[in-house]
Amino acid sequence: MPREDLIISEDDYPEMEAVNAIQRGLHAFNQEMGGPYDREPITVLARDAAGEVQGGLLGLTYWHWLFIDWLWLARSQRGQGIGSELLRRAEAIARTRGCTDAYTDTFSFQAPGFWSRNGYAEFGRLDEMPRGHARQWFRKRL
């Protein structure tokens, strides 16, 4: 039961200050419990001769882990080893930052086989997310 001096409200479009307060609060608590985590981005891009992005990997390193948030390739670039090269480069950067492990999540309709072929092992699954599919989590020791 909420305290009488606390007003709880719902807001579909919160102001940025409210969002920032929540983020700052959770970051502070996480660092208090787990230590500083100096999140650093990793971006590895694949461009064509005209400079157009044909794919890339976006991730973060923190607490000695690499988190791969996004990995995408244009259809015409798939199946040629480019995704594996993007991943190898991101892992190499992570190792230079002292990372010992990596993790990501994907959907069963995306590329779970890609992660397995690159040495990642499934450690979690949420079936029927979305209906008829699964969300899967993978990890790898670097």
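Just above, that's the structure.
Residues numbered from 1 in each chain as written. Predicted model: local features only at pLDDT ≥ 70, side-chain atom pairs only at ≥ 80, totals over all residues. Heavy atoms only, no water.

A. Structural detail: the overall build of the protein. When helices and strands are tallied, the protein shows three helices and six strands. Against the compact-globule benchmark of 14 Å for 142 residues, the protein has a radius of gyration of 19 Å, which places it well outside the compact range. When the backbone C-alpha atoms are referred to their principal axes, the protein occupies close to 60 × 40 × 35 Å. Relative to its full complement of 142 residues, the protein shows a buried share of 29%. The long-range share in the protein, meaning contacts at least 24 apart out of those at least 6 apart in sequence, stands at 49%. Roughly 10,100 Å² of accessible area belongs to the protein as shown, and the carbon and sulfur atoms make up 54% of that amount. (Helix = DSSP H or I, 4+ residues; strand = E, 2+ residues; numbered from the N terminus. Rg over C-alpha atoms; globule rule 2.2 N^0.38 Å. Buried < 20%, exposed > 50% of the residue type's maximum accessible area, 1.4 Å probe, protein only. Contact = heavy atoms within 4.5 Å. Areas by Shrake-Rupley, 256 points an atom, 1.4 Å probe, with all protein chains shown as cover.)

B. View of the environment of Gly 59. Inspection of the secondary structure assignment puts Gly 59 in strand 2 (residues 53-62). Distance in space between the C-alpha atoms of Gly 59 and Glu 40 is 8.4 Å, their sequence separation being 19 residues. Discounting residues that sit within four places of it in the chain, Gly 59 has contacts with Glu 40, Pro 41, Ile 42, Phe 67, Ile 68 and Asp 69.

C. Focus on the sheet that holds strand 1 (residues 40-47). If you trace the six strands from one edge of the open sheet to the other, you get 1-2-3-4-6-5, paired in mixed fashion. Since the sheet does not close on itself, it has two edges, and those belong to strand 1 and strand 5 (121-127), each with one partner. Taking each pair of neighbouring strands and ignoring which way they run, the sheet shows an average axis angle of 20°. (Pairing = 2+ DSSP bridges. Axes fitted to C-alpha atoms, helices over the stretch in contact; angles between N-to-C directions.)

D. Spotlight on the pairing of strand 3 (residues 65-73). Bridging between strand 2 and strand 3 involves eight bridges; their strand directions are antiparallel. Along strand 3, the bridge assignment pairs Gly 55 with Leu 73. What sits between strand 2 and strand 3 in their antiparallel hairpin is a turn of two residues, with Trp 63 showing a positive phi close to 50°. Pairing geometry for strand 3 and strand 4 (residues 101-107), over four bridges, is parallel.

E. Structural view of the nonpolar core. Of all hydrophobic cores here, the largest spans 17 residues; its most connected members are Ile 42, Leu 57, Ile 68, Leu 87, Trp 115 and Tyr 120. Put simply, the parts of the chain that give this core at least two residues each are strand 1, strand 3, helix 2 (82-96) and helix 3 (112-117). Excluding residues that lie within four positions of it along the chain, Trp 115 makes contacts with Ile 68, Leu 71, Leu 87, Thr 104, Thr 106, Tyr 120 and Phe 138. (Core = buried A, V, L, I, M, F, W, Y, C linked by side-chain atoms within 4.5 Å.)

F. Molecular detail of a negative patch on the surface. Where like charges cluster on the molecular surface, the negative patch consists of Glu 10, Asp 11, Asp 12 and Glu 15. Note that Asp 11 resides in the segment before helix 1 (16-34). (Patch = residues over 30% accessible without salt bridge, like charges linked within 9 Å, V, L, I, M, F, W, Y side chains within 5 Å. Salt bridge = Lys/Arg side-chain N within 4 Å of Asp/Glu carboxyl O. Lys, Arg positive; Asp, Glu negative; His and termini not counted. Charge placed at Lys NZ, Arg CZ, Asp CG, Glu CD.)

G. View of the pattern of salt bridges. Using the criterion set out here, one finds ten salt bridges in the structure. One salt bridge in this structure joins Arg 139 and Asp 101, with 3.1 Å as the shortest N-O distance. Note that Arg 139 is positioned in strand 6 (residues 134-141) and Asp 101 in strand 4, a separation of 38 residues in sequence. Among the residues examined, Arg 139 registers a relative accessible area of 35% and is labelled partly exposed. A salt bridge links Arg 141 to Asp 101, with the nearest nitrogen and oxygen atoms 2.8 Å apart. Note that Arg 141 is positioned in strand 6 and Asp 101 in strand 4, a separation of 40 residues in sequence. Owing to a relative accessible area of 61%, Arg 141 belongs among the exposed residues under this scheme. On the basis of relative accessibility, which here comes to 4%, the residue Asp 101 falls in the buried class. Through salt bridges with shared partners, a single ionic network connects Glu 85, Arg 88 and Arg 89.

Functional significance is not addressed by these values, which are geometric in nature.
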